[in-house]
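Summary of structural features
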Amino acid sequence: MGNIIVRSSQTGLAINDGPSVLGERAARIPVGGKIRSGIKVLTAAARKLKGAQEIYDAGVQAGSTWDQIEKAIRERCNPQRSPLTPRNVPYFTVRRADFTVPETADRIMEIYGEEIDGERRLLRFPVIFATDSWQANMPHALRSYTASQLKYWSEYTADGDRICMTKATVHVDGRNRRAHRPFGGRPNVPRPDTGGVCDPDQCPEYQTRKCTLSGSLLFFIPGIPGSSAIELPTTSYYSLQQARQKMEMVAYLRGGRISGTHDGQPIFYLTKSEEEVSMIDSETGQPRRVKQFLVSLEANIDMQRVFRAAEVRRLEAGAAGERAAAALTLQDDLPEDDLPLEDEATVDSPETETDAADDVETIKALRRDVADLLEKAEISPSLFSDWMTDKSKNPDWGRCIAGLTQAKSELSEALAGDIQQWKAERDLDTPF
């Protein structure tokens, strides 16, 4: 069936979802390994424990996972608290134990690793996404874990309401003292004590940092064999938001396409960049800015070639879908049924072939300007398109000079002022 993403009221996003003996849960992209965005080091208390440093060094050298290293330290040194703490670093961590085929980690470092101060580090590498849905490429949710399992997580209903989910309690028969054996595993149910309401402002788990935003990027790496994707987990809101915006912008420029390559070359690269981010001080409640190395999704694409690419595909949804897609697709050669619409002021004026050609060039230039302004403003193209349609009362605003000029003017004025307030007032800064 190809690259098809569907939405189910029961399961959310899925790939070729449908009923089967294995259940009606969302089919997910299979994962064969993980690349980590940071490292873990011994806490100050753990460094004082006899043998902890030796266990840590041996585990790092062997490519063990952080969970394996922590378990070994707990078994031998019996620390009162977790002996490891995360540390933000400017490189990615690739460990053999994080891959189903350990040699995959070696191959990634061999191809894309760089020598830094005598150590081989992964600083930047290309990625290819499997689907054209940013939600499927970057699954994410609010999640709360116990010491051993996922306890609560957020989901969205078909109506767009966020709800808190958990696993159903297994019934135990009082007569034979045997637990009921649920077919297909314990079902997912709305959290009973909150009625399924997911409200972080009122949630005790979220307020005590037991529940956090958790997401992953799922991708393939050129030159790395295997049919399973590689996962990069992150809990950074800034990294996830930036990746979403970058994928949406590329989809906007490529007629809805995120997956695959462009001219045979990868479109996206993952790297880390040091940026100042805002956070709330847990003791004072005041905002403060700190520097962190964030996961950064970059698009390595020649914009001029994109604008001229004849391979931009129309959405396969009939004439109505094609007309809507044209408003969000940048093409040099507009097909006959996508010629510029006449503005009201020029309806009665005769138009020559030269005038029509000039209009086509003007529309292409205006679309490029609007795309640049959207990227500067960090606004989702799809959200802006809906907003412009409502404001202008013209679903074809992206196909006429007047509509695109109005869009350019709106964005230019917004960027000249308080862009964040402007976006918030128009619901153009929607969080996850």
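1. Description of the overall build of the protein
The secondary structure content of the protein amounts to 13 helices and 18 strands. Counting only residues that meet the buried cut, the protein has 40% of its 432 residues in that class. Within the protein, contacts between residues at least 6 apart in sequence are counted, and of these 62% link residues at least 24 apart. About 25300 Å² of surface is accessible on the protein, with carbon and sulfur atoms providing 48% of the total.

2. Digging into the pairing of strand β11 (residues 162-167)
Two faces belong to every sheet, and in a regular strand the side chains alternate between them. Relative to β11, strand β10 (residues 150-156) is paired through four bridges, and the arrangement is antiparallel. Note that in β11 the partner of Trp153 across the bridge is Met165. The turn linking β10 back onto β11 is made up of five residues, and Gly160 within it adopts a positive phi angle of 90 degrees. Where β11 meets strand β14 (residues 188-190), three bridges bridge the pair, whose relative direction is antiparallel. Counterpart to Lys167 in the pairing with β14 is Asn188.

3. A few points about unusual backbone geometry
A positive phi angle, close to 55 degrees, is found at Glu378, a residue other than glycine. Tracing the sequence through the fold places Glu378 in the loop between α10 (353-377) and α11 (381-392). Look at Glu378 and you get partly exposed, because its relative accessible area is 43%. One non-glycine residue, Lys393, adopts positive backbone phi at about 60 degrees. You can call Lys393 exposed: its relative accessible area is 70%.

4. Things to note about the confidence of the model for the protein
Averaged over every residue, the pLDDT of the protein is 80; residues scoring 70 or more account for 80%. Within the protein, the lowest mean pLDDT, 38, falls on strand β1 (residues 5-8), and the highest, 96, falls on strand β8 (residues 124-127). Counting interchain partners and residues more than four positions distant, the pLDDT-below-50 stretch residues 1-14 has 34 contacts. In this model residues 310-349 is a low-confidence stretch, pLDDT under 50, and it forms 68 contacts with partners more than four residues away in sequence or in other chains.

5. Points about helix α2 (residues 52-62)
Restricting attention to buried positions, one finds in α2 the residues Ala52, Ile55, Tyr56 and Gly59. Here the buried residues of α2 occupy an arc of 100 degrees about the axis, which is enough to place them on one side. Pointing more than 90 degrees away from the buried face of α2 are the exposed residues Glu54 and Gln61. Within two residues after α2, Gly63 carries a phi angle of roughly 80 degrees, on the positive side.

6. Points about the sheet that holds strand β18 (residues 287-299)
The strand order across the open sheet built from three strands is β8-β17-β18, with neighbouring strands paired in antiparallel fashion. Because the sheet does not close on itself, it has two edges, and the strands there are β8 and β18. Here the strands of the sheet are splayed against their neighbours by 40 degrees on average, with no regard to which way each runs. Direction of pairing for β8 relative to strand β17 (residues 268-280): antiparallel, over a ladder of four bridges. Residue Arg124 lies in a different strand from β17, and its bridge partner there is Thr271. Running at roughly 35 degrees to β18, helix α7 (residues 237-253) makes contact with β17 and β18 of the sheet.

7. Some details on the layout of surface pockets
Over the atoms a probe the size of a water molecule is rolled, and this reveals where empty space is left. Quantified by volume, the second largest pocket comes out at close to 630 Å³. Val60, Arg95, Glu119, Arg120 and Arg121 are the residues nearest the centre of the second largest pocket, which is lined by 20 residues in total. Looking at the lining of the second largest pocket, the elements that each hand over two or more residues are β4 (39-42), α2, α4 (103-112) and β7 (119-121). Its residues assigned to classes, the lining of the second largest pocket comprises 10 nonpolar, three polar and seven charged.

8. A closer look at the sheet that holds strand β3 (residues 31-34)
With mixed pairing, the seven strands of this open sheet are ordered in space as β3-β16-β15-β9-β10-β11-β14. Either end of the sheet is taken by a strand with one partner, and the two such strands are β3 and β14. Averaged over all neighbouring strand pairs, the angle between strand axes comes to 40 degrees, with direction disregarded. Across five bridges, the pairing between strand β9 (residues 140-145) and strand β15 (residues 211-219) is antiparallel. Across the sheet, residue Ala141 finds its bridge partner in β15, namely Ser214.

9. Things to note about the nonpolar core
Core analysis: the largest hydrophobic core is formed by 38 residues, its most contacted members being Ile35, Phe125, Phe219 and Leu270. Only α4, β8, β15, β16 (229-234), α7, β17 and β18 provide two or more residues apiece to this core. Per element, the largest residue contribution to this core is five residues, and it comes from α7. Excluding residues that lie within four positions of it along the chain, Ile35 makes contacts with Phe92, Thr93, Val94, Phe99, Ile108, Leu122, Phe125, Ile221, Ile230, Glu231, Leu232 and Pro233. By size, the runner-up hydrophobic cluster in this structure holds 22 residues, among which are Met249, Leu373, Ile379 and Ile419.

10. Re the packing of aromatic side chains
Any two aromatic rings considered together are summarised by their centre-to-centre distance and by the angle between their planes. Scanning all chains against the criterion turns up eight aromatic pairs. Each ring, one from Tyr56 and one from Trp66, has its centre 6.3 Å from the other, and the planes form 15 degrees; the classification is stacked. Of the two residues, Tyr56 is situated in helix α2 and Trp66 in helix α3 (residues 66-77); the sequence distance between them amounts to 10 residues. Taking relative accessible area as the criterion, Tyr56 reaches 11% and is therefore assigned buried. Geometrically, the ring pair formed by Phe384 and Trp387 is tilted, given 5.7 Å between the ring centres and 35 degrees between the ring planes. Of this pair, Phe384 and Trp387 both sit in helix α11, three residues apart, roughly one helical turn. We classify Trp387 as buried; its relative accessible area is 15%. What links up through ring pairs into an aromatic cluster is the set Phe384, Trp387, Trp397 and Trp422. The side chain of Arg95 reaches across the aromatic face of Trp66, ending 4.7 Å from its centre. Geometry around Tyr269 places Arg124 over its ring, the cationic atom sitting 4.0 Å from the centre.

What counts, and where the lines are drawn
Residues numbered from 1 in each chain as written. Predicted model: local features only at pLDDT ≥ 70, side-chain atom pairs only at ≥ 80, totals over all residues. Heavy atoms only, no water. Helix = DSSP H or I, 4+ residues; strand = E, 2+ residues; numbered from the N terminus. Buried < 20%, exposed > 50% of the residue type's maximum accessible area, 1.4 Å probe, protein only. Contact = heavy atoms within 4.5 Å. Areas by Shrake-Rupley, 256 points an atom, 1.4 Å probe, with all protein chains shown as cover. Pairing = 2+ DSSP bridges. pLDDT = per-residue confidence, 0-100. Arc of directions from axis to C-beta. Axes fitted to C-alpha atoms, helices over the stretch in contact; angles between N-to-C directions. 1 Å grid on protein atoms, 1.4 Å probe; cavity = no way out; pocket = protein on both sides within 12 Å on 5 of 7 lines; lining within 4 Å. Points joined across faces, edges and corners; volume = space filled by probe spheres on them. Nonpolar A, V, L, I, M, F, W, Y, C, P; charged D, E, K, R; others polar. Core = buried A, V, L, I, M, F, W, Y, C linked by side-chain atoms within 4.5 Å. Phe/Tyr/Trp six-rings, centres within 6.5 Å; stacked < 30°, edge-to-face > 60°. Lys NZ or Arg CZ within 6 Å of the ring centre and 35° of its normal.

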